[in-house]
Amino acid sequence: MLNPYNNPNIEEFEIKENLMSVIKKRFSTYGYQQIRTPAFESYDMYSNITGTVSKGEMIKVIDPSGDVLVLRPDVTIPLTKMISKSLLREQRLFYIQDVYRQNSQREITESTQAGVECFGENSPFIDAEVIILAIHTLRDLGLKNFKIEVGHAGFFKEIIEQIQVTGQQLEQIKALIQSKNVIEMEPYLSSLTISTEAKEAIRQIPVMYGDPETVIQQAKELTLNENMENILQRLMEINELIKDYNASDYILFNLGLINHMNYYSGVIFQGFVGNVGMPVLMGGRYDHLGEQFSNSVPAIGFAFDVDLLLQARKQQGLNISVDSAADICIFYDQNRQKEALSMSYELRNYGYKVITNITGLPAKKHVYFSGDRSPYLGGNEKQPFTTMEELLQLLKQNEGEQN
Ligand SMILES: N[C@@H](Cc1c[nH]c[nH+]1)C(=O)O
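Along every chain, residues carry numbers that run from 1 in the direction the sequence is written. The predicted origin of the model limits local features to residues at a pLDDT of at least 70 and limits the giving and counting of side-chain atom pairs to 80 or more, whereas totals for whole chains, interfaces and linings rest on all residues. Hydrogens and water are ignored here; the side-chain numbers use all heavy atoms of the structure.

### Section: the packing of helix H4 (residues 124-140) against helix H10 (residues 226-244)
The condition is simple: Only C-alpha atoms enter the line fits that serve as axes; for helices the fit covers just the stretch in contact. Angles between N-to-C directions range over 0 to 180 degrees. Starting at the N terminus, helices and strands are each numbered in turn, a helix being any DSSP run of H or I of at least four residues and a strand any DSSP run of E of at least two. Should an angle lie under 35 degrees it is considered roughly parallel, over 145 roughly antiparallel, and from 65 to 115 roughly perpendicular; all remaining angles are considered oblique. Crossing handedness follows the turn of the near helix against the far one: under a right angle anticlockwise gives a left-handed crossing, and clockwise gives a right-handed one. Residue contacts follow a heavy-atom distance rule, with two residues in contact if any of their heavy atoms lie within 4.5 Å. Basically, the charged four are Asp, Glu, Lys and Arg, the nonpolar ten are Ala, Val, Leu, Ile, Met, Phe, Trp, Tyr, Cys and Pro, and anything else, Gly included, counts as polar.
Contact geometry for H4 and H10: axes closest at 9 Å, N-to-C directions at 50°. Considering the angle they form, H4 stands oblique to H10. The handedness of the crossing between H4 and H10 is right-handed. Each of Pro124, Phe125, Asp127, Ala128, Ile131 and Ile132 in H4 lies in contact with H10, whose residues at this interface are Arg234, Glu237, Ile238, Leu241 and Ile242. When the residues that make up the contact of H4 with H10 are grouped by side-chain class, the tally is eight nonpolar, no polar and three charged.

And the structure:
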């Protein structure tokens, strides 16, 4: 089923383009270079690895030779494959591309992602810098009232490794944690035969949410092994770095955070803005994904859902309507065509948006070449001119008066 909301709209297209150019500029100031990945990819690339997009979510296409392809469901996976096979393992890449998935209502979703992937480094410094890049971009977009929730893929995994549950039970536990459903969590945990410490740790996960330092203190009481202690240490270091950037106001810790993709191995995060019900960005560290292709490559990245960012800006009254009117419309009589057309060419060269002899489209200024009189700029009073310089002068003056 096609998503009924994906209709073309000129105004929204322009608003989206403007937003994407803000994102692009910000990504490049952190040293990222833009890249594209193919729209059609081999189904095997996704299905042969673990921690990938689930099979039901992929949109499959059969090519003429009978091979199964998928429409790009993710960008992180093909980029990791490329880097893990290349000799250049240290790279900072960004992309603005559509990803195609099928949701649980069997609707095809086509959403534009703007993401970064930082390959080759694994340090709290890089983790914090990538989170800061997300914050910096959200601020560039003028958004207020946003928070980045930071968690760790390993914290929950460590607890789960201590207990023996079936795949189905694990999914149920994840769902209860994600929905912070403490009421149903209690009886569900009692029905499982797992140690009391593990039960207590799982029970506490949904409430380990909020101010970073408080969450770390709470979590310290629940650590079941050294790995969990190291995880908390790493999160504390990231938090210190975020403080150095003066960005603490935007950060919450959430140890119950579970990201959609399974390839994450370290710090993970999601961004929320105002009343937009879904995360506008998701990301995290995925140091082991590369091993499944060729070589292990430390990596961290995130992707914005551009359409949700647009929704957030709209909610905050920030989507100022785009000015589609031409700057100048030149009207001319047939005998003045040559002068009028060469003037239109020159004005466009100066960057003005110019149309000629069209009454059906809006224009802010009108220039007339009629009869055999001097051309003039229309308006409350006719302002004649003889040279291009004079016209440019008049246009400037008028702009000045309007502002
Ligand atoms: N590819 C992830 C986002 C991400 C980029 N890099 C790391 N994570 C997603 O689609 O949710």
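### Thoughts on the UniProt feature "binding site: L-histidine" (unreviewed entry) in the protein chain
Using the following cut-off: UniProt positions are given in the numbering used here, feature names are shortened, and annotations may be inferred rather than shown by experiment. Here a polar contact is taken to be a pair of N or O atoms separated by no more than 3.5 Å, where protein atoms must pair a possible hydrogen donor with a possible acceptor and residues adjacent in sequence count only if both atoms sit in side chains.
If you check UniProt for "binding site: L-histidine" (unreviewed entry), the listed places come out as Asp74, Val75, Thr76, Arg101, Gln113, Glu117, Tyr263 and Tyr264 in our numbering. Among the structural elements, Arg101 can be located in strand S5 (residues 91-102). Excluding its chain neighbours within four sequence positions, the residues that come into contact with Arg101 are Glu57, Ile59, Pro73, Asp74, Glu107, Ile108, Thr109, Gln113, His260 and Met261. A polar side-chain atom of Arg101 sits 2.8 Å from the main-chain carbonyl oxygen of Pro73. Relative to the helices and strands, Tyr263 resides in the loop between strand S9 (251-254) and strand S10 (267-273). Apart from residues no more than four positions distant in its own chain, Tyr263 is found in contact with Gly51, Asp74, Thr76, Ile77, Arg285, Tyr286 and Leu289. A distance of 3.1 Å separates the side chain of Tyr263 from the side chain of Asp74, its partner in a polar contact.

### Here's the deal with the sheet that holds strand S2 (residues 40-42)
Our working rule: Here, strands pair whenever DSSP counts at least two bridges between them.
Taken together, the three strands give an open sheet; going across it, the order is S2-S4-S3, and neighbouring strands pair in antiparallel fashion. Each end of this open sheet is capped by a strand with a single partner; those strands are S2 and strand S3 (60-62). Going across the sheet, the axis of each strand differs from the next one's by a mean of 45°, ignoring polarity. In terms of strand pairing, S2 meets strand S4 (residues 68-71) through three bridges, oriented antiparallel. Within S4, the residue paired with Glu41 across the bridge is Val70.

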